[in-house]
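Letter by letter, the chains look like this.
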Amino acid sequence: MRSTFSGLNTMVRGVFANQLSLDTVGHNITNASTEGYSRQSVNQAATKAQEVPSLYGGALVGTGVDAMSIMRARNVYADKQFWAETSTHEYYKAEQVNYDKLEAIFDDSDNTGIKDAMDAFYAAWSALSKDASADSSRVTVIEKGNIFADKMSTVASQLQDQINAQYDDMRIHLEEVNDINDQIVELNKNISGAEAVGAQANDLRDQRDLLVDKLSTYMNVNIYEDERGMYTVVSNGISMVNGINKLTLEMSDPYVNTDYGINDYSIIIKESGVAFIPQNGELKAEFDTIAEDKGYIDNLADMAAFMMTTFNTMHQQGAGIDGTDGNIGPYNNTTTYTGPSYGINFFGDNNTVYTWDANNHCVVATEYTNATIARSLSYTQTVVSGTTIYRPSVDITGTVNSTTNLKGINILNAMSINSKLTEVGGTSLVAARKLSVEQDVSSTGAYLTTYSVKADGSKDGTNAVNLSTLFNLASDNVTTTADVTYSGTAVNMNSRAINDISLNAYYQSVMSQLGTDANSVDIKESAQDDLITQIVNWRSSTSGVDWNEELTNMIMFQKGYSACSRCLTTMDEMLDRLINSTGTVGR
């Protein structure tokens, strides 16, 4: 038989359940703008019914409602996709920022970039070719060449700064990753302890998922939850967090990269010393952008290598306007020479010859001992269609002091105007005129059977023309006016650091590739941003707080609370009537 007061208990349960639901609605509303918060709701269930006798047997009478738990609304599949796609999105965003910086570094729109400096250097040689004896034109060539070299060196320095800044950012990001992992471990402990008695630590779980959201911006993550409610965070096959244990990431000791003039670093796991290589996210983007920036230093180095080798070799095949043309011949640094200078570098050290090693992709700098370096002239002859062709040849010999392979930034550092050209009277050493082979003439004016290498007239600018063609003509179209040998070994003018295309075309191809890559990343980032927006909306549709829905629930639970209270009052009045106003026994 049911208790006389069982109805009161039923209504009390209803009051408590609606009150708890109202409290939960209030919690949702106050946290509507809290980052990472998930909407919560009370999971209610009918309490065990009580059996009472009836005409046709026992009947089950409900005894009210009870709050089983407070659950948060969360879509685990949306979370996993968000974490995966966020890593990709942050990767593209970091790449996008790096390309924006690269475009600013190589900006030619304000006429102060490499393209403008290169065009000005080309124009100076073109002007010199028209009057090779004009000192003003020679000064301009040296000045524009110095500006060109300085501009490439400046851009390379900016790329070095950008790489160093990326490593600094990486160091900061690793500290943030380690801090996030520390917090996840602490939340794992708190959640496991709170849920050991059967409760749901909803707010703690929201905080932990928000930390995973932030962690996914730095690296690719996979999340696994064990039976105690603790997360295992796996990245690149390595468990960064495993329950209450974690690994620490740190930068390795610096190792000097002489090719780029910087210190390189890697990410290592402190506890084991094993390298950690992120597969996605901002950390991977930083490694990739560093590699891209190094690639652009290599592009600049190739241009500098072209100037140090091919351009220098062409300059060595011309003659200056110093000395007396009739006294042209061999000379060295220890004897007096009264003829015009030839065989000297425009860029680099005067006692060093620079050759391109295509197999090792480097400039071989062979430095001769100052006292032994010598330059001499000779000629070669070939028969073409029955006609003998005579070609002048410049040979540079000496005792080798050292041989160095130059790569990357070291080529750019070596690319400076030959100090001989910047000395007093050095402008006359600029080799604008060409060398040629002429048949010797006797004192009576009769032709002899011998030939000699001569320098053309002082106003001749043929070699300046040849030098200017190097800016715009591919290797197949370049015609050399002389041959150069270093210690008897002929220099291959068609073996060039920029391959077969011209210097101008090479730079334009690099800039076109930069623009194409930057645009491609912009498109990918935009598409990924749209995808992230869809996933966020998907997550929000489940876990987000909807004010209209919460206000509707508030009214519903308020009405339920009021109805239960009214019913409780009615039952109380009924019992009061029954107990206090019925019967006269005992009066």
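Starting afresh in each chain, residues are numbered from 1 along the sequence in its written order. In keeping with the predicted nature of the model, local features appear solely for residues at pLDDT of at least 70, side-chain atom pairs appear and are counted solely at 80 or more, and the whole-chain, interface and lining totals rest on all residues. Processing note: side-chain calculations cover all non-hydrogen atoms of the structure and skip hydrogens and water entirely.

**Student:** Tell me about helix H2 (residues 76-105), and please be specific about residues and values.
**Tutor:** For the purposes of this entry, the term helix denotes a DSSP run of H or I that reaches at least four residues, the term strand denotes a run of E that reaches at least two, and both are numbered from the N terminus. Multiplying 1.5 Å by the residue count of a helix minus one yields the expected span of that helix. Under the 1.5 Å per step criterion, the end-to-end length of H2 is 44 Å for 30 residues, consistent within 8% with the ideal 44 Å. Here a polar contact means two N or O atoms within 3.5 Å. Within protein one must be a hydrogen donor candidate and the other an acceptor candidate, and residues neighboring in sequence count only if both atoms are side-chain atoms. For H2, the N-terminal capping position is held by Asn 75, with its side-chain oxygen 3.1 Å away from the main-chain nitrogen of Tyr 77.

**Student:** Explain the sheet that holds strand S20 (residues 433-441) to me, using residue names and the numbers behind them.
**Tutor:** Two strands pair if DSSP finds at least two bridges between them. The strand order S13-S20-S21 describes an open sheet built from three strands, whose pairing is antiparallel. Of all strands in the sheet, those bounded by a partner on one side alone are strand S13 (318-319) and strand S21 (447-455). In this sheet, S20 lies alongside S13 in antiparallel orientation, the contact comprising two bridges. When the bridges of S20 are listed, Gly 318 appears paired with Lys 434.

**Student:** Describe the sheet that holds strand S15 (residues 352-357), and please don't skip the residues or the numbers.
**Tutor:** Taken in spatial order, the three strands line up as S15-S16-S19 in an open sheet, and their pairing is antiparallel. Two strands in the sheet have a free side with no partner beyond their single neighbour: S15 and strand S19 (400-406). Put simply, the sheet's adjacent strands are angled 20° from each other on average, direction ignored. Inspection of the sheet shows strand S16 (residues 362-368) paired to S19 by six bridges, in the antiparallel sense. Bridge pairing links Ala 365 to Thr 404 in S19. Across the sheet, helix H6 (residues 281-316) touches S15 and S16, and the angle it forms with S15 is around 120°. All axes here are fitted lines through C-alpha atoms, helices being fitted over the stretch that makes contact, and every angle between N-to-C directions spans 0 to 180 degrees. Residues count as neighbours in contact if any of their non-hydrogen atoms are within 4.5 Å of one another.

**Student:** Please give an account of the packing of aromatic side chains that cites residues and values.
**Tutor:** Side-chain rings of Phe, Tyr and Trp, where Trp is taken by its six-membered ring, are said to pair if the distance between their centres is within 6.5 Å; with planes under 30 degrees apart they count as stacked, over 60 as edge-to-face, and otherwise as tilted. Enumeration according to the criterion identifies 21 aromatic pairs in this entry. Measuring from centroid to centroid gives 6.2 Å for Tyr 379 and Tyr 451, while their planes differ by 65°, and the two rings are edge-to-face. Here Tyr 451 lies in strand S21 and Tyr 379 lies in strand S17 (residues 374-384), a separation of 72 residues in the sequence. Relative accessibility under 20% of the residue-type maximum defines a buried residue, over 50% an exposed one, and the middle range a partly exposed one, all with a 1.4 Å probe and only protein chains included. Exposure remark for Tyr 379: the relative accessible area of 30% places this residue in the partly exposed category. Among the aromatic residues, those joined into a cluster by ring pairs are Phe 121, Tyr 122, Trp 125, Phe 148, Phe 311, Phe 346, Phe 347 and Phe 471. Note on geometry: a ring has a charge over it if NZ (lysine) or CZ (arginine) is within 6 Å of the ring centre and within 35 degrees of the ring normal. Across the ring face of Tyr 224, the terminal group of Lys 80 is positioned such that the distance to the ring centre comes to 5.9 Å.

**Student:** Give me the pattern of salt bridges: which residues, what numbers.
**Tutor:** Throughout this description, the term salt bridge denotes a Lys or Arg side-chain nitrogen within 4 Å of a carboxyl oxygen of Asp or Glu. With the rule as written, the count across this model stands at 21 salt bridges. Salt-bridge contacts for Asp 206 lead to Arg 74; the nearest nitrogen and oxygen are separated by 3.8 Å. Here the residue Asp 206 occupies a position in helix H5 (residues 202-215), and Arg 74 occupies one in the loop between strand S4 (65-72) and H2, the gap between them amounting to 132 residues. Looking at Asp 206, the relative accessible area reads 5%, which means it is buried. Overall, the relative accessible area of 21% leaves Arg 74 in the partly exposed class. The salt bridge partner of Arg 539 is Asp 79, with a shortest N-O separation of 2.7 Å. With Arg 539 in helix H10 (residues 503-543) and Asp 79 in helix H2, the pair connects residues that are 460 residues apart, well separated along the chain.

**Student:** Residues and numbers for the environment of Ala 67, please.
**Tutor:** Checked against the element boundaries, Ala 67 lands in strand S4. Looking at Ala 67, the relative accessible area reads 27%, which means it is partly exposed. As for Ala 67 and Ser 487, which are separated by 420 residues in sequence, their C-alpha atoms are 96 Å apart. Once you skip the residues sitting within four places of it in the chain, Ala 67 turns out to touch Leu 20, Val 42 and Asn 43.

**Student:** Please set out the nonpolar core residue by residue, giving values where relevant.
**Tutor:** Within this scheme, the nonpolar core is defined by two criteria: the residues are buried Ala, Val, Leu, Ile, Met, Phe, Trp, Tyr or Cys, and they are joined through side-chain atoms within 4.5 Å. With 117 residues, the main nonpolar core has Phe 106, Phe 121, Trp 125, Phe 148, Met 307, Phe 311 and Phe 347 as its most contacted residues. Of all the elements, helix H4 (residues 135-195) adds the most residues to this core, at 18 residues. If we skip the residues at most four places from it in the chain, Phe 148 touches Ile 114, Ala 117, Met 118, Phe 121, Met 303, Met 307, Met 415 and Leu 503.

**Student:** Got a sec to walk through the packing of H2 against H4? Specific residues and values, please.
**Tutor:** With their axes 10 Å apart at the nearest point, H2 and H4 run at an angle of 160° to one another. Classed by the angle they form, the pair H2 and H4 counts as roughly antiparallel. Crossing handedness for the pair H2 and H4: right-handed. Where H2 abuts H4, its residues Asn 98, Lys 101, Leu 102 and Ile 105 lie against Val 155, Gln 158, Leu 159, Gln 162 and Gln 166. Under the scheme applied here, ten amino acids are nonpolar (Ala, Val, Leu, Ile, Met, Phe, Trp, Tyr, Cys and Pro), four are charged (Asp, Glu, Lys and Arg), and all others, including Gly, are polar. Residue composition of the contact of H2 with H4, by class: four nonpolar, four polar and one charged. Working rule for angles: under 35 degrees goes down as roughly parallel, over 145 as roughly antiparallel, 65 to 115 as roughly perpendicular, anything else as oblique. Definitions for this section: a left-handed crossing has its near helix turned counterclockwise from the far helix by less than a right angle. A right-handed crossing has that turn clockwise.

**Student:** Which residues make up the packing of H2 against H6, and what values do they have?
**Tutor:** Axis separation between H2 and H6 bottoms out at 8 Å; the angle between their running directions is 30°. Taken as axis vectors, H2 and H6 run roughly parallel relative to one another. The hand of the H2/H6 crossing is right-handed. On H6, the residues that touch Ser 87, Glu 90, Tyr 91, Ala 94, Glu 95, Asn 98, Tyr 99 and Leu 102 of H2 are Gly 281, Glu 282, Lys 284, Ala 285, Asp 288, Thr 289, Glu 292, Asp 293 and Tyr 296. Here the contact of H2 with H6 is built from residues that sort into six nonpolar, four polar and seven charged.

What is shown is where atoms sit, not what they do.
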